[in-house]
Amino acid sequence: MNDQNNSRGRLEEELERLRRELAQLRGEEEALKRVERQFNESEARLRQIIDLVPHMIFAKDLQGYFILVNQAVADAYNTTVDKLTGRKQADIHVSEEEIRRFMSDDRHVIETGVSKCISEETFTDALGKTRVLQVTKIPFSTAGSSEPAVLGVAVDITERKRADEALQRSEANYRAIFNAANDAIFVHDIETGRIEDVNLKVSQMYGYDREELLRLRVETLSCGEPPYTQIEAARWIKRAAILGPQLFEWRARHKDGRLFWVEVNLKRAVIRGKDRVLAVVRDITAPKLADDALRRAHDDLELEVEKRTASLLRLTEDLKREIAYRRRMEQWLRDSERRYRTLFDEIPDVIFILDHEGKFTYVNSQVEEFLNCPIGDVLDTSLRDYVLPEDQPSVDSLLTTEMDSIWDQELGLLDSADRKKYSRIRCKALYDDVSASLRYEGVMRDITVRKNLEEELKASRKELLGKIRIIDDLYAHLVESGKSRAIAGHTAEVAHELRQPLAIIGGFARRIAKHFETCLDPRERSGRILPDDCLRNSAPGKNLARIN
């Protein structure tokens, strides 16, 4: 009985121990689950963190397989993190040269166990875009594995590289412009007035090289006597920094001790991201000396001006009288020109100017009546266009007239209504300075009436001479036949018949002669000779004169 009770007690104790161990195991299981959850959460947070990092983070083994990559690496290869993990970099990278360089660096880090920093390294992504990376690689081994690996962080410095290059170019341009300036330029610190930079012109102007100038104070470059001292220079710099641009003259000193005058223009400016005072200095020694000479000359000139003022007053009065006289003369010329133009237009003849091609460049108003067309239609047309075909060779001879020679011809023309007219054209060849060729100025006189009268007179004379020849023949016949009485009677009868037409023709001829008695052309005086010729050239005429 006692043995049974002891066995039961031991079993209960064992059962209680097992219960406690089971409870402990359950507690440990819960702890392991919590640790696993925490680990998973920690891994997720780590993945989130490394994926949010904009730089490329990766881990590779000795063969170049990706053990770990972040989102930045996956983006560079245009894929996802899951697809990229476990792949060999050489299988997906586009540049073989870059792969050889990557693998060489990886092996060096893994084999030596020493980290490596690469300041600049090119990387071509999946899209073919070349980037510049700053890479750090360190030895690495994964948890639970003794296989060596390399952990890398690559920072994309492409934009910074471009910015640095642009800054270098800008700095080079700034230095080139800075040194190309014709004026000396100082760059001063606003607070201390210290010389921060100078251009080449400063060295040329003051005789110091750039390194010496950067160690000097403004006072060394000045005469040192008030107001050209260091203290006064600092005041000017402060004024420029606070009040704005300052312009003043300064007494400067060369390295050899020579003093000279400069004009200083101070202005606040931002140079390389810092506030500075820019001093533009110009040597005005020569202008200063010129100003002194100009002042002395001004004083001398004042004396001379006083002497000449009285003379100028007299000249002014003379000039006023001259101006008044010129105004009267100008008015007289205008009136004269107006009268001349009126007279020019009132002349019954056509006055014209031809160019070297024989085209009208000027005509007066009489051309409208003579050619029966407006002046505007005549201008720029050729004289040859109006001349009868048989007279056109004469127009061609006009255009061959030598300079200062006179051309005088009678031509037949047709007006706009195709009516035949005659004119006497007299012109002179002159040199035209504007066109550098000859022009022809002349007068065209309408002789149509005279020509028609001459034609009528010629016809009458021809008819009269025919009748005179008949009389001569009749008279000779009668003389031969001896019939004197019949001759006398017949002569009286013929004389009676001829007296009236002869009187008419003679009077007509005298009228023509009187009309043209002022003409210069001898041919135009033919009418004055015709009546006398008619009577003088016939024997019956002489007899008729004796009978009458």
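All residue numbers refer to position in the chain's written sequence, counted from 1. Only residues with pLDDT of 70 or above have their local features reported here, since the model is predicted, and side-chain atom pairs are shown and tallied only from 80 upward, although totals for entire chains, interfaces and linings are computed over all residues. With hydrogens and water stripped out, all remaining heavy atoms of the structure feed into the side-chain values.

Focus on the overall build of the chain
Right, so step 1: Within the chain one finds 17 helices and 15 strands.
Right, so step 2: Buried positions account for 32% of the 548 residues belonging to the chain.
Right, so step 3: In what follows, residue pairs with any heavy atoms lying within 4.5 Å of each other are defined as contacts. Pairs at least 24 apart in sequence give 42% of the contacts found in the chain among residues at least 6 apart. We count a stretch as a helix when DSSP gives it H or I for four or more residues in a row; a strand needs E for two or more, and each element gets its number in order from the N terminus. Only protein chains enter the accessibility calculation, which uses a 1.4 Å probe. A residue is then buried if its area is under 20% of the maximum for its type, exposed if over 50%, and partly exposed in between.

Section: helix H5 (residues 96-112)
Right, so step 1: Each helix should span, by expectation, one fewer than its residue count multiplied by 1.5 Å. For H5, built from 17 residues, the straight-helix expectation of 24 Å at 1.5 Å per residue is met to within 8% by its first-to-last C-alpha distance of 24 Å.
Right, so step 2: Three or more residues of H5 are buried, namely Glu98, Ile99, Phe102, Met103, Asp105, Asp106, Val109 and Ile110. End-on, the buried residues of H5 take up no more than an arc of 165°, which puts them together on one face. For H5, the exposed residues set more than 90 degrees away from the buried face come down to Glu96, Glu97, Arg100 and Glu111.
Right, so step 3: Those residues of H5 that are buried lie in contact with strand E1 (56-61), helix H4 (89-92), strand E3 (116-124), strand E4 (130-141) and strand E5 (148-156).
Right, so step 4: One or two steps after H5, the chain reaches glycine 113, where phi turns positive at roughly 70°. An arc is given here, and it is the one of the directions from the helix axis to the C-beta atoms.

Observations regarding the sheet that holds strand E8 (residues 246-253)
Right, so step 1: The strand order across the open sheet formed by 5 strands is E7-E6-E10-E9-E8, and the pairing between neighbours is antiparallel. Of all the strands in the sheet, the pair left with one neighbour each is strand E7 (195-198) and E8. Each strand of the sheet is rotated relative to its neighbour by a mean of 30°, with strand direction disregarded.
Right, so step 2: As defined by bridge partners, strand E9 (residues 259-271) adjoins strand E10 (residues 274-283) across 10 bridges and the pair is classed as antiparallel. In this description, strands pair whenever DSSP reports at least two bridges between them. For helices, the fitted axis covers only the stretch in contact; all axes are lines through C-alpha atoms, and the angles between them, taken along N-to-C directions, range from 0 to 180 degrees.

Structural notes on the pairing of strand E6 (residues 184-189)
Right, so step 1: The buried fraction of E6 amounts to 6 of the 6 residues, a majority that puts the element mostly inside the structure.
Right, so step 2: In E6, alternate side chains face the same way, and those of Ala184, Phe186 and His188 on one face and Ile185, Val187 and Asp189 on the other are all buried.
Right, so step 3: Taken together, the 6 bridges between E6 and E10 define a ladder with antiparallel strand orientation. Pairing of valine 187 across the sheet is with leucine 278, part of E10.
Right, so step 4: Connecting the antiparallel pair E6 and E7 is a turn made up of 5 residues, with glycine 193 showing a positive phi of about 80°.

A look at unusual backbone geometry
Right, so step 1: The amide bond that connects proline 226 to the next residue, proline 227, takes the cis arrangement and shows omega of 5°.
Right, so step 2: Among the structural elements, proline 227 can be located in the loop between helix H8 (210-215) and helix H9 (230-243).
Right, so step 3: Here aspartate 418, not a glycine, exhibits a phi torsion of approximately 65°, which is positive.
Right, so step 4: By secondary structure assignment, the location of aspartate 418 is in the loop between strand E13 (406-414) and strand E14 (420-432).
Right, so step 5: According to the relative accessible area criterion, aspartate 418 is exposed, its value standing at 61%.

Quick look at the side chain of glutamate 98
Right, so step 1: Turning to its location among the elements, glutamate 98 is positioned in helix H5.
Right, so step 2: At 4.5 Å, arginine 101 is the nearest oppositely charged side chain to glutamate 98, a buried residue that forms no salt bridge.
Right, so step 3: Among the polar contacts made by the side chain of glutamate 98, one reaches the side chain of histidine 93 at a distance of 2.7 Å.
Right, so step 4: Sequence-distant contacts of glutamate 98, defined by excluding residues within four places in its chain, comprise His93, Thr122, Phe123 and Thr124. Here Asp and Glu are counted as negative and Lys and Arg as positive; His is not counted, and neither are the chain ends. Definition used for salt bridges: Asp or Glu carboxyl oxygen within 4 Å of a side-chain nitrogen of Lys or Arg. Counted as a polar contact is a pair of N or O atoms within 3.5 Å, where, for protein atoms, one must be capable of donating a hydrogen and the other of accepting one, and residues adjacent in sequence contribute only when both atoms are in side chains.

As for the side chain of aspartate 106
Right, so step 1: When you line up the elements, aspartate 106 lands in helix H5.
Right, so step 2: Residue classification places aspartate 106 among the buried positions, given a relative accessible area of 2%.

What to know about the confidence of the model for the chain
Right, so step 1: The pLDDT value tells you how sure the predictor is about a given residue, anywhere from 0 up to 100. Overall, the prediction assigns the chain a mean pLDDT of 83, with 84% of residues at 70 or greater.
Right, so step 2: Contacts from residues 519-548, a stretch scored under 50 in pLDDT, to residues over four places away or in other chains number 43 contacts.

A few points about the environment of glutamate 263
Right, so step 1: Looking at where glutamate 263 falls in the secondary structure, it is placed in strand E9.
Right, so step 2: Separated by 21 residues in the primary sequence, glutamate 263 and isoleucine 284 place their C-alpha atoms 6.3 Å from one another.
Right, so step 3: The contacts of glutamate 263, once residues within four sequence positions are left out, are Leu247, Phe248, Glu249, Val280, Val281, Arg282 and Ile284.

Remarks on the pattern of salt bridges
Right, so step 1: Evaluated as defined, the whole model comprises 40 salt bridges.
Right, so step 2: The salt bridge partner of glutamate 317 is lysine 320, with a shortest N-O separation of 4.0 Å. Of this pair, glutamate 317 and lysine 320 are both found in helix H10 (residues 285-346), 3 residues apart, which corresponds to roughly one turn of the helix.
Right, so step 3: Overall, the relative accessible area of 40% leaves glutamate 317 in the partly exposed class.
Right, so step 4: Taken together, the salt bridges that share partners define one network made up of Arg175, Asp197, Arg210 and Arg272.

Here's the deal with a negative patch on the surface
Right, so step 1: Distance thresholds for patches are 9 Å for like charges and 5 Å for nonpolar side chains (Val, Leu, Ile, Met, Phe, Trp, Tyr), applied to residues having over 30% relative accessible area and no salt bridge. All accessible-area figures derive from a Shrake-Rupley calculation using a 1.4 Å probe, and residue coverage is judged against the displayed protein chains alone. Charge placement uses NZ in Lys and CZ in Arg. For Asp and Glu, CG and CD serve respectively. A contiguous patch of negative charge, built from Asp299, Asp300, Glu302 and Glu306, is present on the exposed surface.
Right, so step 2: Note on placement: aspartate 299 falls in helix H10.

Let's talk about the packing of aromatic side chains
Right, so step 1: Aromatic pairs are defined between Phe, Tyr and Trp rings, using the six-membered ring for Trp, whenever the two ring centres lie within 6.5 Å; interplanar angles under 30 degrees are classed as stacked, those over 60 as edge-to-face, and all others as tilted. Under the criterion given, the structure shown has 11 aromatic pairs.
Right, so step 2: Judged by centre distance (6.2 Å) and plane angle (25°), the ring pair of phenylalanine 102 and phenylalanine 123 falls under stacked. Taken together, the residues span a long stretch of sequence, with phenylalanine 102 in helix H5 and phenylalanine 123 in strand E3 at a distance of 21 residues. Neither residue differs from the other here; phenylalanine 102 and phenylalanine 123 are each classed as buried.
Right, so step 3: Each ring, one from phenylalanine 186 and one from tyrosine 206, has its centre 5.7 Å from the other, and the planes form 80°; the classification is edge-to-face. Within this pair, whereas phenylalanine 186 is found in strand E6, its partner tyrosine 206 is found in helix H7 (residues 200-206), the two being separated by 20 residues in sequence. Take phenylalanine 186 and tyrosine 206: they sit in the same class, and that class is buried.
Right, so step 4: Site record: aromatic cluster; members linked through ring pairs are Tyr228, Trp236, Phe248, Trp250 and Trp261.
Right, so step 5: Placement of a positive charge over a ring is assigned whenever Lys NZ or Arg CZ falls within 6 Å of the ring centre and within 35 degrees of the normal to the ring plane. Here lysine 288 stacks its cationic end above the ring of tryptophan 261, 4.7 Å away from the centre of that ring.

Re the sheet that holds strand E11 (residues 350-354)
Right, so step 1: Ordered by their spatial adjacency, 5 strands build an open sheet running E12-E11-E15-E14-E13, and the pairing between neighbours is antiparallel. Looking at which strands have only one partner, the edges of the open sheet turn out to be strand E12 (360-363) and E13. Ignoring which end each strand starts from, the neighbouring axes of this sheet average 25° apart.
Right, so step 2: Strand direction decides the pairing type here: E11 and strand E15 (residues 437-446), joined by 5 bridges, are antiparallel.

A few points about the nonpolar core
Right, so step 1: In terms of nonpolar packing, the biggest core is built from 31 residues, with Phe186, Tyr206, Trp250, Val262, Val264, Leu266 and Val281 touching the most fellow members.
Right, so step 2: For this core, the elements supplying multiple residues, two or more each, are E6, E7, H7, H9, E8, E9 and E10.
Right, so step 3: The residues contacting valine 264, other than those within four sequence positions of it, are Gln246, Leu247, Phe248, Trp250, Ala279, Val280 and Val281.
Right, so step 4: Counting 23 residues, the second-largest nonpolar core is a separate cluster that includes Leu371, Tyr386, Val387 and Ile425. Put simply, a nonpolar core is a bunch of buried Ala, Val, Leu, Ile, Met, Phe, Trp, Tyr and Cys residues held in one set by side-chain atoms that sit within 4.5 Å of each other.

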